[in-house]
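# Residue-level structural notes
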Amino acid sequence: MSSQPLLSLENLSAHYVSQQGARVVRAVDDVTLSLEAGGTLGIVGESGSGKSTLALTILRLLPPAARIVSGRMMFEGENLLDKSDAEMRRVRGKRIAMILQDPMASLNPLFSIGNQVGEPLRVHEGASRASAWQRAVGLLKSVRIASPETRVSQFPHEMSGGMRQRIVGAIGISCEPRLLIADEPTTSLDLTIQAQYLNLLRDLQREHGLALIFITHNLGIVAKMCDQLAVMYAGRVVEQGPVSRIFSAPAHPYTRALLGSIPRMTDNREHLTAIDGQPPDLAALPPGCAFAPRCPMALARCRAEAPPECAVDEGRTARCWLAVPDADAKVELKRSTVA
Amino acid sequence: MAVTTPPLAATAAADVSPTAFWRLKGFPLIPVMILLFIAFVAVFADVLAPHDPQVGSLARRFRPPFWQEGGSMTYLLGTDHVGRDVLSRLIFGARVSMIVGITAVLVAGGIGTLLGIVSGYLGGWADQVVMRITDTWLALPALTFAIFLAAIVGPSELNIIVILGLVYWTRYARVIRGEVLSLKQREFVRLAIVAGCSKRVIMWRHILPNVINSAVVLATLMLGVVIVTEASLSFLGVGVPPPKPAWGLMMADGKKGLMVGYWWLTVLPGLCIMLMVLSANLLGDWLRVKLDPQLRQL
């Protein structure tokens, strides 16, 4: 905790601006996060809450309509926002790697596995064809592909989905990055394969001292994989902190609702618990807290004024008036009535 | 397509696997044989031609083909208005058609594929510029445009190749750009971006190999178009300059004789052009269906 974090995002905002500038979509808004070397950060949120945009922002790969409007992104002591495009290219795949959502489509059907696993080595380290191929064999072994010597010269269509995703993992770690961003890497896999893959990622993380950002909407995966958690809602981080503490005592009503909507084996409820209402239109956010219209505990103040990010306890923050320590009597009253 | 049970005789010779069979289903055997034959003739024209295609003798002009009265086995397909052997000229004409057709298609394909990839992948102003040029190009009638260019640079075999390439690259650019637009949304391209590949590497390694199929299909289909255009230009006198034997030129030379019964001077080269173009198109159609079902609406 004392040393400098590997990655720290400070008040980072990335907005999509329409051509006339009339519509501004705050896809990532005032996000402050940090990640220690070797740590695992889970980012959860509904579809459209800005998780994937945040990942693309870190790699500076936003679509042309989006721009980073403010903030800093410190990675190993350098501000990624100060880098030129060419310098950023040397960061991507070399120091920060990413695994995408769809493993079935992530490999080029026309090239052999060895060729593709070795590609980052050739691009970033100028490895020769032969040495890249040799190292690809080793990488396949490290992602537990059986008989890597034969697999390396096969083509993507000869592999199963789980294998392909492991190969994509091998591409991710090929240049020994410090940070790996996994954007819903297991969404399209079977449950059993998912578990295998998550174990593999954890082992790789341990062996290589890799920091991991895990983007998912599956809180079960967060519980298994992550030590830090950030909950995103409408482009903002509404709560963040150590996973165990957030799970045992969520501070933000949205986190509480998310956790409450997980069905449990012991439940004998008729219906699944859902969060009422729809996520807000990011181009027309309400003046107060974005979650207020759906929040069961919303106060008058919540609708008028956006809550600041405030410390709940050691290492944990939430953006909620209910979590503000100098909460006035009204809040206490409301809280007691709800409880 | 339903797989019908093969007859017993066919099952007996079952060393042909079902996939290999399916792949070759509907293979245009005759067109391919015709094309191979023309290619063979073009390559070995020097050996095959019985006479010099450019030297004739006025003493034996307008000899008919051998099966007609007055024909002889020395000049199998007759002689033209200056007594040159028609068969030899057809044989050397095949060489001209093949060389011009294939290289012009390669030139057009090279320019078009390159610009299509660049415009589709980079988007933005590069895309705008290339596509507006393409629109303008396509609005010009191809043949008129080619005649115009030929009138400027003057007729020669090399010029014809360049002109045809310049006239027809836009069709490639259009189709390839469309392919690239969908390819660049694919995950493997995004993974390459995320892995830090430069745009050049992505276009070269990840986009180009994936559009080669379409480019090959287009090339076979364009071969016919290009050969007809070359013949038209030669016919109009702005193509391959005489006395070089080109099929279009032979038709132009023979057209006056058509009315007075010297039919072989026009019909025979016309037949050659037709056979070659038809074969190229049939092969192209088959390849199109085999290699890329999405191109069917082309």
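Rules used throughout
Residues numbered from 1 in each chain as written. Chains lettered and ligands numbered in written order. Predicted model: local features only at pLDDT ≥ 70, side-chain atom pairs only at ≥ 80, totals over all residues. Helix = DSSP H or I, 4+ residues; strand = E, 2+ residues; numbered from the N terminus. Rg over C-alpha atoms; globule rule 2.2 N^0.38 Å. Buried ≥ 20, exposed ≤ 12 C-beta atoms within 10 Å, placed from the backbone. Contact = placed C-beta atoms within 7 Å. Nonpolar A, V, L, I, M, F, W, Y, C, P; charged D, E, K, R; others polar. Pairing = 2+ DSSP bridges. Axes fitted to C-alpha atoms, helices over the stretch in contact; angles between N-to-C directions. Parallel < 35°, antiparallel > 145°, perpendicular 65-115°, else oblique. Left-handed = near helix turned anticlockwise from the far one by under 90°. Core = buried A, V, L, I, M, F, W, Y, C linked by C-beta atoms within 7 Å. Expected span 1.5 Å × (residues − 1). pLDDT = per-residue confidence, 0-100.

It is worth spelling out the overall build of chain A at this point. Within chain A one finds 13 helices and 12 strands. Its C-alpha atoms give chain A a radius of gyration of 21 Å, near enough to 20 Å, the size a compact globule of 339 residues would have. Structurally, chain A occupies a C-alpha span of about 70 × 50 × 40 Å along its principal axes. Buried residues in chain A amount to 43% of all 339 residues. Look at the contacts in chain A between residues 6 or more apart in sequence, and 63% of them connect residues 24 or more apart.

A separate point is the overall build of chain B. Each helix and strand counted, chain B has 12 helices and zero strands in total. Sequence-ordered secondary structure for chain B, helices as α and strands as β, is α-α-α-α-α-α-α-α-α-α-α-α. Taking all 298 residues of chain B together, 42% fall into the buried category.

With that settled, the discussion passes to the interface of chain A and chain B. Contacts between chain A and chain B engage 22 residues on the former and 15 residues on the latter. Contributions of two or more residues to the side of chain A that touches chain B are made by helix 2 (85–91), strand 6 (96–99), helix 4 (119–125) and helix 7 (161–173) of chain A. A per-class count over the side of chain A that touches chain B returns 12 nonpolar, four polar and six charged.

The next subject is the sheet that holds strand 9 (residues 228–233) of chain A. Residue and element names in this part refer to chain A. One open sheet holds the eight strands; their spatial order is 6-7-8-3-9-10-12-11, and the pairing between them is mixed. The sheet is open, and its two edges are formed by strand 6 and strand 11 (310–313), each paired on a single side. Each strand axis lies, on average, 25° off the axis of its neighbour in the sheet, ignoring direction. Here strand 9 runs beside strand 10 (residues 236–242); their pairing, made up of six bridges, is antiparallel. Residue pairing in the sheet places Tyr233 in a bridge with Arg236 of strand 10.

Time to look at the sheet that holds strand 4 (residues 66–75) of chain A. Residues and elements named next belong to chain A. Taking strand neighbours across the sheet as the criterion, the four strands line up as 2-1-4-5 in an open arrangement whose pairing is antiparallel. In the strand order of this sheet, the two ends are held by strand 2 (24–35) and strand 5 (78–79), each with one partner. With two bridges connecting them, strand 4 and strand 5 associate as antiparallel partners. Opposite Phe75, over in strand 5, you have Glu78 as the bridge partner. Its contacts with the sheet put helix 1 (residues 51–58) on strand 1 (7–17), strand 2 and strand 4, and the angle it makes with strand 2 is roughly 65°.

On to the pairing of strand 1 of chain A. All names here are of chain A. When strand 1 meets strand 2, the two strands line up antiparallel, connected through eight bridges. Bridging across to strand 2, Ser8 finds its partner in Ser34. Taking the residues between adjacent antiparallel strands as the criterion, strand 1 and strand 2 are bridged by six residues, where Gly21 takes a positive phi near 80°. Where strand 1 and strand 4 come together, eight bridges link them in antiparallel fashion. What sits directly across from Glu10, in strand 4, is Arg72.

Turning to the packing of helix 3 (residues 29–43) of chain B against helix 12 (residues 264–291) of chain B, a few remarks are in order. Residues and elements named next belong to chain B. Two elements in contact, helix 3 and helix 12, have axes whose closest approach is 8 Å; the angle formed by their N-to-C orientations is 130°. One finds that helix 3 runs oblique with respect to helix 12. Handedness of the helix 3/helix 12 crossing: left-handed. For the pair helix 3 and helix 12, contact is made by Pro31, Val32, Ile34, Leu35 and Ile38 and by Leu275, Met276, Ser279, Ala280, Leu282 and Leu283, respectively.

Here we take up the packing of helix 7 of chain A against helix 8 (residues 191–208) of chain A. Residue and element names in this part refer to chain A. Between helix 7 and helix 8, the least distance of the axes is 11 Å, while the angle of their chain directions is 15°. By the angle class used here, helix 7 and helix 8 are roughly parallel. Crossing hand, helix 7 versus helix 8: right-handed. Taken together, the residues of helix 8 that come into contact with helix 7 (itself represented by Gly162, Gln165, Arg166, Gly169 and Ile173) are Ile193, Gln196, Tyr197, Leu200, Leu201, Leu204 and His208. Each residue belonging to the contact of helix 7 with helix 8 can be placed in one class, and the counts come to six nonpolar, five polar and one charged.

Take the nonpolar core next. Soluble globular proteins tend to bury their nonpolar side chains together. Membership of the largest hydrophobic core comes to 173 residues, with the highest contact counts inside it found for Ile213, Phe214 and Val231 of chain A together with Leu164 and Met222 of chain B. Residue contacts for Met222 of chain B: discarding those within four places in its chain leaves Val105, Ala108, Tyr168 and Arg171 of chain B.

Time to look at helix 5 (residues 86–122) of chain B. Residues and elements named next belong to chain B. Look at helix 5: 52 Å from first C-alpha to last across 37 residues, which is about the 54 Å you get at 1.5 Å a residue. Of all the 37 residues making up helix 5, 28 are buried; the element is thus mostly covered by neighbouring parts of the structure. Looking one or two residues past helix 5, Gly123 carries a phi angle of roughly 60°, positive in sign.

Another aspect to go through is the pairing of strand 9 of chain A. All names here are of chain A. Buried residues dominate strand 9, accounting for six of its six residues. Both faces of strand 9 are covered, namely the face carrying Gln228, Ala230 and Met232 and the face carrying Leu229, Val231 and Tyr233. By the bridge criterion, four bridges tie strand 3 (residues 40–44) to strand 9 in an arrangement that is parallel. Within strand 9, the position partnered with Gly42 by the bridge is Leu229. If you look at the hairpin formed by strand 9 and strand 10, you'll find two residues sitting between the two strands, and Ala234 has a positive phi there, around 50°.

Once that is clear, we can look at unusual backbone geometry. Residue and element names in this part refer to chain A. Here the phi dihedral of Glu76 falls at roughly 50°; this positive angle occurs in a residue that is not glycine. Here Glu76 lies in the loop between strand 4 and strand 5. Although it is not a glycine, Ser147 sits at a positive phi angle of roughly 40°. Here Ser147 is to be found in the loop between helix 5 (129–142) and helix 6 (148–151).

Turning our attention to the confidence of the model for chain B. All names here are of chain B. Here chain B averages 83 in pLDDT, and 89% of its residues register 70 or above. Between the elements of chain B, mean pLDDT differs from a low of 46, seen in helix 1 (residues 8–12), to a high of 92, seen in helix 5. Contacts from residues 8–14, a stretch scored under 50 in pLDDT, to residues over four places away or in other chains number one contact.

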